[in-house]
Amino acid sequence: HHLTHHLPAALKGSEFFIEYQPLIRMEDGSLEGAEALVRWSHPRHGVLGPDRFIPLAEHTGLIVPLGRWVLRESVRQACEWQVQGIGGSRPLRLNVNLSPRQLNHPDLVEETVSVLDEFGLPPGSLCLEITESAMVRADDHELKPLRQLADLGVGIALDDFGTGYSNLASLRRLPVTTLKLDRSFSEGLQQHPADPVDMKIVEGIVSLAHALELSVTVEGVETCNQAERLRELGCDSAQGWYYARPGPPERLPEAV
Ligand code: G
Ligand code: G
Ligand code: MN
Ligand code: NA
């Protein structure tokens, strides 16, 4: 694939940038944090979304230095927001996606701790997102670094929850603090009145999550109706176009 060949030069030449999508607290609509989403500003193809190049970077291993850059740059940005007092009395949370390849990298814990130290971001302000399918595939040895990070206070979110072979019992063995419900769950609540079966499913997941002391974030909230239903069902936070699309860091403060 020709994009693959250009990845290393693109990383050297700073062609990547990060957009941030707000995470909103359901109880009061306040700004809880933001998810960092990487983009590639390709000189000929324009702005490419992660779906176009993350799989290639994952395949070639370049995801490790790329992910390192995303983590450092977004932690730097999160500190800037905290210094500016954005988020008020409660410090903003930063969510960063991790690929399976990064999960298996021996320096993950050391590098993460060192970036947090460098900028003085409290571990509790960082949350790492790992897809459900990657997490469920990991054995106990591979989960150890995540457990170490969780012990330090770093949040661990199970991303796209409900799309993988969702084995609810496996939640017990995973060092997870948050379930990020896949967009398909919000889609089920789009029609008015919402599908009663979809309501029951979300209600059940929230109840299980809370029993396990996990928080629930819902992705893909596009309408006021969805937001209302999800709040009634006890979801803790939400993310989606209804609140804000991913955007440059300067736009985050407007998202309250
Ligand atoms: O930005 P967009 O909404 O198109 O994101 C699509 C997917 O790309 C997201 O589900 C996310 O998991 C993934 N993604 C975005 N940024 C990163 C990143 O920095 N690292 C990894 N591994 N995946 C990312
Ligand atoms: O990590 P993850 O794949 O979950 O990243 C979220 C993806 O979902 C990004 O590609 C983002 O652009 C996209 N997204 C965010 N909010 C919405 C939304 O409300 N509706 C839809 N269809 N996509 C969304
Ligand atoms: Mn994500
Ligand atoms: Na997702």
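Residues numbered from 1 in each chain as written. Chains lettered and ligands numbered in written order. Predicted model: local features only at pLDDT ≥ 70, side-chain atom pairs only at ≥ 80, totals over all residues.

Undergrad: Please explain the overall build of the protein as it appears in this structure.
TA: A tally of helices and strands in the protein yields ten helices and nine strands. Oriented by its inertia axes, the alpha-carbon framework of the protein measures out at about 50 × 40 × 40 Å. Looking at the protein residue by residue over its 256 residues, the buried ones come to 37%. Pairs at least 24 apart in sequence give 66% of the contacts found in the protein among residues at least 6 apart. (Helix = DSSP H or I, 4+ residues; strand = E, 2+ residues; numbered from the N terminus. Buried ≥ 20, exposed ≤ 12 C-beta atoms within 10 Å, placed from the backbone. Contact = placed C-beta atoms within 7 Å.)

Undergrad: Please explain the pairing of strand β2 (residues 31–42) as it appears in this structure.
TA: Direction of pairing for strand β1 (residues 16–25) relative to β2: antiparallel, over a ladder of nine bridges. Looking across to β2, one finds that phenylalanine 17 is bridged to arginine 39. Pairing between β2 and strand β4 (residues 93–97): four bridges, direction parallel. Looking across to β4, one finds that alanine 36 is bridged to valine 96. Summarising the sheet, β2 and strand β3 (residues 46–48) pair through three bridges and their orientation is antiparallel. Its bridge partner lying in β3, serine 41 is registered against valine 47. Between β2 and β3, which pair antiparallel in sequence order, lie three residues. (Pairing = 2+ DSSP bridges.)

Undergrad: Sorry, what's going on with the nonpolar core here?
TA: In a soluble, globular protein the nonpolar side chains are often hidden away together inside. One finds Leu94, Leu126, Leu128 and Leu230 to be the most contacted residues of the largest nonpolar core, which totals 61 residues. Per-element tally for this core: the top contributor is helix α3 (residues 63–84), with eight residues. Once residues lying within four places of it in the same chain are set aside, the contact partners of leucine 126 are Val75, Leu94, Val96, Leu116, Leu121, Val154 and Gly155. (Core = buried A, V, L, I, M, F, W, Y, C linked by C-beta atoms within 7 Å.)

Undergrad: What am I meant to see in the site of ligand 2 here?
TA: In the vicinity of ligand 2 lie 14 residues, with Gly220, Glu222, Gly240, Trp241 and Pro246 positioned nearest. The residue makeup of the shell around ligand 2, split by class, is four nonpolar, five polar and five charged. (Near = placed C-beta within 6 Å. Nonpolar A, V, L, I, M, F, W, Y, C, P; charged D, E, K, R; others polar.)

Undergrad: Help me out: how do you make sense of unusual backbone geometry in this one?
TA: Residues apart from glycine generally show negative phi values, whereas peptide bonds are mostly found in trans. Between histidine 192 and the following residue, proline 193, the backbone shows a cis peptide bond with an omega angle of 0 degrees. Here proline 193 is to be found in the loop between α8 (183–187) and α9 (196–211). Positive phi, normally seen in glycine, also occurs at aspartate 160, with a value near 55 degrees. Among the structural elements, aspartate 160 can be located in strand β6 (residues 155–161). The exposure class of aspartate 160 is partly exposed, given the 19 C-beta atoms found within 10 Å.

Undergrad: Explain the environment of phenylalanine 17 here, please?
TA: Its location among the elements puts phenylalanine 17 in strand β1. Expressed as a C-alpha distance, the spacing of phenylalanine 17 and tryptophan 40, which sit 23 residues apart in the sequence, is 6.4 Å. Leaving out residues up to four positions away in the same chain, phenylalanine 17 has contacts with Arg39 and Ser41.

Undergrad: Any chance you could explain the site of ligand 1 here in plain terms?
TA: Taken together, 13 residues are adjacent to ligand 1, and Leu37, Val38, Pro50, Asn97 and Ser99 come closest. Those elements that place two or more of their residues in the shell around ligand 1 are β2, α2 (50–60) and α3. Here the shell around ligand 1 gets three residues from one element, more than from any other, and that element is α2.

Undergrad: Sorry, what's going on with helix α7 (residues 140–152) here?
TA: Side chains that are three or four residues apart share a direction in an α-helix, a result of its 3.6 residues per turn. Between its first and last C-alpha, α7 extends 18 Å over 13 residues, near the 18 Å set by a 1.5 Å rise per residue. Of all the bends in α7, the largest measures some 25 degrees and sits at leucine 146. Residues of α7 that are buried include every one of Pro145, Leu146 and Leu149, and no others. Close packing links the buried residues of α7 with α5 (108–119), β5 (126–131) and β6. Once α7 finishes, glycine 153 follows within two positions and takes phi at roughly 110 degrees, a positive value. (Expected span 1.5 Å × (residues − 1). Bend = angle between axes of the 7 residues up to and from the residue.)

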